[in-house]
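# Tertiary structure, described
Read off the chains here:
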Amino acid sequence: SFDIEPGKFLAILGNNGVGKSTLLKCFNHILKPDSSEVLLDGENLLKESPREVAKKVAFVSQSVPSTQMTVHDVVMLGRRPYMKWGFTEEDHNIVHDAMHRLDVEDMRGRFLNQLSGGEKQKLALARALYKNAPVVVLDEPTSALDAIAEQKLYESFDKMIGAKSAVYISHRLASTRFCDRIAMFEGGAIIELGTHDELMEKDGAYAHMFEVQAQY
């Protein structure tokens, strides 16, 4: 088990098939585990309705489907769990700020199926980060971005995440320097947990993976 404090960033790493994405889907109520709990402020998320979970957890998956919706409409959908009678001026202001910070304002009127993979990922992040949910769950959110765009995005994450608890999966270990802690998975379990420096000093599975990637 592990915990994530407000304002902290946890990376989940490991080889393919060890349970990383499965774990994140449990956070978001997409899957329900046979045992254990997912607690937010002491309350079990797995017992709450999908609408309530949607208010508390913002989820970005590995891929973003193409639809006949504009970029503005897709980002606005992130506000839907909070909507009662329609979108308010506050909703529009939040969406405008999200699109500005992630540099997607110029795509406002374009349809989702006209975007590249990297543009779609920026859009999904804009929707998730400004949903006002206390937890942000990111499953390889930058896999389609080039190295420079990815670095700029991670450098701005602290400001965008704010007091939220953030957990993400990435196979690019260069991004782990932006994280507060790293959880290394193997066989569906955590085998190492700590900061980048702590795990490198331990010279275990994480250090080996990092050194292998550094060679390429």
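Up top is the structure.
My aim in this report is to walk through the structure given alongside it, one point at a time. (Residues numbered from 1 in each chain as written. Predicted model: local features only at pLDDT ≥ 70, side-chain atom pairs only at ≥ 80, totals over all residues. Heavy atoms only, no water.)

### Points about the overall build of the protein chain
Regarding its fold elements, the protein chain presents nine helices and eight strands. The burial tally for the protein chain puts 43% of its 216 residues in the buried class. Look at the contacts in the protein chain between residues 6 or more apart in sequence, and 66% of them connect residues 24 or more apart. Within the structure as shown, the protein chain displays about 11,700 Å² of accessible surface, and the carbon and sulfur contribution to it stands at 49%. (Helix = DSSP H or I, 4+ residues; strand = E, 2+ residues; numbered from the N terminus. Buried < 20%, exposed > 50% of the residue type's maximum accessible area, 1.4 Å probe, protein only. Contact = heavy atoms within 4.5 Å. Areas by Shrake-Rupley, 256 points an atom, 1.4 Å probe, with all protein chains shown as cover.)

### Details of helix α5 (residues 117-129)
With 13 residues, α5 ought to run about 18 Å at 1.5 Å a step, and its terminal C-alpha atoms sit 18 Å apart, in line with that. Residues G118, K120, Q121, L123, A124, L125, A126, A128 and L129 constitute the buried set of α5. (Expected span 1.5 Å × (residues − 1).)

### Section: the pattern of salt bridges
In total, this model carries three salt bridges according to the counting rule given. In this structure, E48 and K56 form a salt bridge, with 2.8 Å as the shortest nitrogen-oxygen distance. Look at K56 and you get partly exposed, because its relative accessible area is 24%. (Salt bridge = Lys/Arg side-chain N within 4 Å of Asp/Glu carboxyl O.)

### Looking at helix α9 (residues 205-214)
Residues of α9 that are buried: Y206, A207 and M209. Each buried residue of α9 sits inside an arc of 165° when the element is viewed along its axis, so together they form one side. Of the surrounding secondary structure, the elements contacted by the buried residues of α9 are β1 (9-13), β7 (181-186), β8 (189-194) and α8 (196-202). (Arc of directions from axis to C-beta.)

### Details of the nonpolar core
Among the nonpolar cores identified, the biggest contains 27 residues, and F9, L138, Y168 and Y206 are the most heavily contacted of them. Dropping the residues within four chain positions of it, Y206 is found in contact with L13, L173, T176, I182, M184, E192, H196, L199 and M200. Counting residues in hydrophobic clusters, the runner-up holds 19 residues, among them I12, L45, V53 and F59. (Core = buried A, V, L, I, M, F, W, Y, C linked by side-chain atoms within 4.5 Å.)

### Digging into the pairing of strand β5 (residues 135-139)
Counting buried residues in β5 gives five out of five residues, a clear majority hidden from the surface. Residue alternation in β5 divides its side chains into two sets, V135, V137 and D139 and V136 and L138, and both sets are buried. By the bridge criterion, four bridges tie strand β4 (residues 57-60) to β5 in an arrangement that is parallel. Across the sheet, residue V60 finds its bridge partner in β5, namely L138. For β5 and strand β6 (residues 165-169), the ladder comprises five bridges, and the chain directions are parallel. Note that in β6 the partner of V137 across the bridge is V167. (Pairing = 2+ DSSP bridges.)

### Comments concerning unusual backbone geometry
Positioned with a positive phi, H29 is a non-glycine residue whose angle comes to about 70°. Tracing the sequence through the fold places H29 in the loop between α1 (20-27) and β2 (39-40). For H29, a relative accessible area of 24% gives the class partly exposed. For S36, which is not glycine, the phi dihedral falls at a positive 75°. Under the relative-accessibility criterion, S36 is labelled exposed at 64%.

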